[in-house]
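# Overview (structure and organization)
Spelled out, the chains give:
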Amino acid sequence: MHFPFGRARSAAARFPRSDTVQAPANVMARITFIQPDGTENTVEAEPGMTVMEAAVKNSVRGIAAECGGACACATCHVYVEEEWREATGQPEQMEEDMLDFAFDIRPSSRLSCQIKVTEALDGLKVRIPEKQF
Amino acid sequence: MSEDVIKTDAVIVGAGPVGLFAVFELGLVDVKAQVIDILDRPGGQCAELYPEKPIYDVPGLAIVTGQELTDRLMEQIKPFGAEFHFGERVESLDRLDDGFRLVTDIGTIFECKVVIIAAGGGSFTPKRPPLPGIEAYEGTSVFYSVRKMEAFKDKDVLIVGGGDSALDWTLNLQPVAKSLTLLHRRSEFRAAPASVAKMLELVESGDIAFKLGQVTELHGDEGKLTSVTVKGSDGATFEQPLEVMLPFFGLTMKLGPVADWGLNLEENLIPVDTAKFETSEKGIFAIGDINTYPGKLKLILSGFHEAALMAQQAHKYVHPDKKLIFQYTTSSSSLQKKLGVK
């Protein structure tokens, strides 16, 4: 038995980028999480992922994200620092509804699973509440 | 008084997708199961957290919602006639000479040969507002659910929240309470429109009060609340007198009594072997999100695989005298008979 197509593919796989231009390096956005005690934790996030995912990936304390980003548990609550509130925007209806199940809601409250990381958010600072429940 | 004991082969703790599929795999090897879940319906996280969210990684189903997957599993396991006990939480698990005994929070007793823990992230429990000292008032002045309406008769009641639970209990307790105040952080409600309309009527007629704000402090003594400090939407604070507070902030997952069952735990997860998915205790299995082993992925499909392998070992405990022959549902007439398709 022989597999002509399989063989052709594996040859290509061996030299995947031989004739392609190197893609530009991924631009990362730095996000700083400020704990209730003031300690700061800056992590790098890829545009497209959410602020919650960036926190979980880097084991940032205080972001429980029980539902895994389905906007269904309100355990990834953060306070967006004043200077970043315009860039992160306002919560949509579903998020605003879900914030009812978080505690100590302030005008800067957001669910971090609903903030998409973009290059424009490089430098973003968010505060983690005392407790997520 | 003789106690009623439900005797069965297997007790499955948790009716999420993995617990449900365990019914199927156990059923194929002639192990009968009873299923217990704290929620009032099957589906676990799929039903509670994301009934309408699409799941894209269930093999064979390009897209399926949490609710649809639950419904399909319930259909698939129907032939095995498992009995369900919803709204109950297993409190204790003890070893007997020839199996196990489990008792739920409402006193249902099970005796079985094997136990399958498919409890996911733990049991769903009401969220406790992170207010200093709240524990001291729980069960006396602070309640997260209503077991008996009578307990709120002639009391000054404060209900906190804006979801269906908050609205439903506002409507139900208004006639029995001495006074009822609903407190919510905003004037929009995420609840059935009919309930909201009814509540607004009661506000209009002066039968209840509605206030905007969030509780920041509790005041009282010896388990009895007398007032709470509320931060209003304008930032100013006020005192709200009360005798009873009912906070409704949804549910969260807590490991709960599983932690006290004498099993080895690693960071709230139950270590298992990857051949049988058995815990440190023989006859007790852990499958789905609640277990851990090298390479573990918290995926529904991993839980399904674990259920299939678990069933092979469970069969040995339940039917020690019978040899298990591996069969396919596509071709085995005895399996097809069990499934009711032959």
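Here the structure is a predicted model, which is why all the values come from computation and not from measurement.

How each quantity is defined
Per chain, residue numbering runs from 1 following the sequence as it is written. As a convention, the first chain written is A and the first ligand written is 1, with the rest following in written order. Totals for whole chains, interfaces and linings use all residues, but because this is a predicted model, local features are given only for residues with pLDDT of at least 70 and pairs of side-chain atoms are given and counted only at 80 or more. Numbering of helices and strands starts at the N terminus; helices are DSSP runs of H or I of at least 4 residues and strands are runs of E of at least 2. By the convention adopted here, residues are in contact when the distance between their C-beta atoms, placed from the backbone, does not exceed 7 Å. Residues enter a nonpolar core if they are buried, belong to Ala, Val, Leu, Ile, Met, Phe, Trp, Tyr or Cys, and are joined to the set through C-beta atoms within 7 Å. Counting other C-beta atoms within 10 Å of each residue's C-beta, where C-beta atoms are placed from the backbone, gives the exposure class: buried for 20 or more, exposed for 12 or fewer, partly exposed between. Segmentation of the chain into domains, including their bounds, is taken from an automatic or database domain assignment. In this analysis, strands are considered paired if DSSP registers two or more bridges between them. Between N-to-C directions, angles cover 0 to 180 degrees, with each direction set by a line fitted to C-alpha atoms, over the stretch in contact for helices. Classification used: nonpolar for Ala, Val, Leu, Ile, Met, Phe, Trp, Tyr, Cys and Pro, charged for Asp, Glu, Lys and Arg, polar for all others including Gly. Between 65 and 115 degrees an angle is taken as roughly perpendicular, under 35 as roughly parallel, over 145 as roughly antiparallel, and anywhere else as oblique. Note: crossing handedness is left-handed where the near helix turns anticlockwise from the far helix by less than a right angle, and right-handed where it turns clockwise. As a per-residue measure, pLDDT reflects the predictor's confidence and takes values from 0 up to 100. Multiplying 1.5 Å by the helix residue count minus one yields the expected span of that helix.

### What to know about the overall build of chain B
- Counting its secondary structure elements, chain B contains seven helices and 22 strands.
- When its C-alpha atoms are laid out on the principal axes, chain B stretches across 70 × 45 × 40 Å.
- Expressed as a percentage of contacts within chain B between residues at least 6 apart in sequence, the contacts between residues at least 24 apart total 60%.

### Comments concerning the overall build of chain A
- Secondary structure assignment for chain A yields four helices and five strands.
- Starting at the N terminus and walking to the C terminus, you meet the elements of chain A as α-β-β-α-β-α-α-β-β.
- Contacts spanning at least 24 positions in sequence make up 63% of the contacts within chain A whose residues lie at least 6 apart.

### Looking at the nonpolar core
All names here are of chain B.
- By size, the foremost hydrophobic cluster in this structure holds 121 residues, and its most contacted members are Ala22, Val115, Ile116 and Ile117.
- Here this core takes eight residues from helix H1 (residues 17-28), the largest share from any one element.
- Each of two domains, domain 1 (5-125 + 252-339) and domain 2 (134-249), supplies a minimum of three residues to this core.
- The residues touching Val115, leaving out its near neighbours within four places in the chain, are Val11, Val13, Leu93, Phe100, Leu102, Gly283 and Ile284.

### A word on the sheet that holds strand E14 (residues 209-212) of chain B
Residue and element names in this part refer to chain B.
- Spatial strand order, E14-E13-E12-E18: four strands in an open sheet with parallel pairing. Looking along the sheet, the strands with just one partner apiece sit at the ends: E14 and strand E18 (244-247). Averaged over all pairs of adjacent strands, the angle between strand axes in this sheet comes to 20 degrees, irrespective of strand direction.
- Of the strand pairs in this sheet, strand E12 (residues 156-160) and E18 are connected by four bridges, and their pairing is parallel. Pairing of Leu158 across the sheet is with Met245, part of E18.

### Some points on the interface of chain A and chain B
- Every contact between the two is made by 16 residues of chain A and, on the other side, 18 residues of chain B.
- Residues of the side of chain A that touches chain B, tallied by class, amount to nine nonpolar, one polar and six charged.

### Re the packing of helix H4 (residues 164-173) of chain B against helix H5 (residues 193-204) of chain B
Residues and elements named next belong to chain B.
- Interaxial distance between H4 and H5 falls to 10 Å at its minimum, and their mutual angle equals 45 degrees. With respect to their mutual orientation, H4 and H5 come out oblique. Once H4 is placed against H5, the crossing between them reads as left-handed. In this structure, H4 contributes Asp164, Leu167, Asp168, Thr170 and Leu171 to the contact, and H5 contributes Ser195, Val196, Lys198 and Met199.

### As for the domain arrangement of chain B
- Assigned domains within chain B: domain 1 (5-125 + 252-339) and domain 2 (134-249).
- The C-alpha centroid of domain 2 of chain B is placed 38 Å from the C-alpha centroid of domain 1 of chain B.

### Quick look at the sheet that holds strand E5 (residues 124-127) of chain A
Residue and element names in this part refer to chain A.
- The five strands are arranged E2-E1-E5-E3-E4 in an open sheet whose pairing can be described as mixed. Of all the strands in the sheet, the pair left with one neighbour each is strand E2 (40-45) and strand E4 (109-111). Put simply, the sheet's adjacent strands are angled 35 degrees from each other on average, direction ignored.
- Pairing geometry for strand E1 (residues 29-34) and E2, over six bridges, is antiparallel. If you follow Ile31 over to E2, its bridge partner there is Val43.

### A few points about the confidence of the model for chain A
- Averaged over all residues, the pLDDT of chain A is 84; the fraction at 70 or higher stands at 80%.
- Within the model, pLDDT remains below 50 along residues 1-20 of chain A, and this stretch shows zero contacts once partners closer than five positions in the same chain are excluded.

### Side note on H1(B)
Residues and elements named next belong to chain B.
- Over its 12 residues, H1 runs 17 Å from end to end, which matches the ideal 16 Å to within 8%, given 1.5 Å per residue.
- Burial of H1 is extensive: 12 of the 12 residues sit out of reach of the surface.
- Of all the positions in H1, only Pro17, Val18, Gly19, Leu20, Phe21, Ala22, Val23, Phe24, Glu25, Leu26, Gly27 and Leu28 are classed as buried.
- Looking one or two places after H1, you find Asp30, whose phi comes out positive at around 65 degrees.

### Focus on the packing of H1(B) against helix H3 (residues 66-77) of chain B
Residue and element names in this part refer to chain B.
- The geometry of H1 relative to H3 is characterised by a closest axis approach of 9 Å and an angle of 15 degrees between their N-to-C directions. Classed by the angle they form, the pair H1 and H3 counts as roughly parallel. Like other packed secondary-structure pairs, H1 and H3 cross with a definite hand, here left-handed. Contacts between H1 and H3 involve Pro17, Leu20, Phe21, Val23, Phe24 and Gly27 on the former and, on the latter, Leu69, Thr70, Leu73, Met74, Gln76 and Ile77.
- The residue inventory of the contact of H1 with H3, partitioned by class, reads nine nonpolar, three polar and no charged.

### As for the environment of B:Tyr137
Residue and element names in this part refer to chain B.
- Looking at the secondary structure, you find Tyr137 in the loop between strand E11 (123-126) and E12.
- Residue Tyr137 is classed as partly exposed on the basis of its C-beta count, with 19 C-beta atoms lying within 10 Å.
- Sequence-wise, Tyr137 and Asp97 are 40 residues apart; in three dimensions their C-alpha atoms are separated by 41 Å.
- Setting aside anything within four residues of it in sequence, one finds Tyr137 in contact with Val142, Leu218, Gly220, Gly223 and Leu225.

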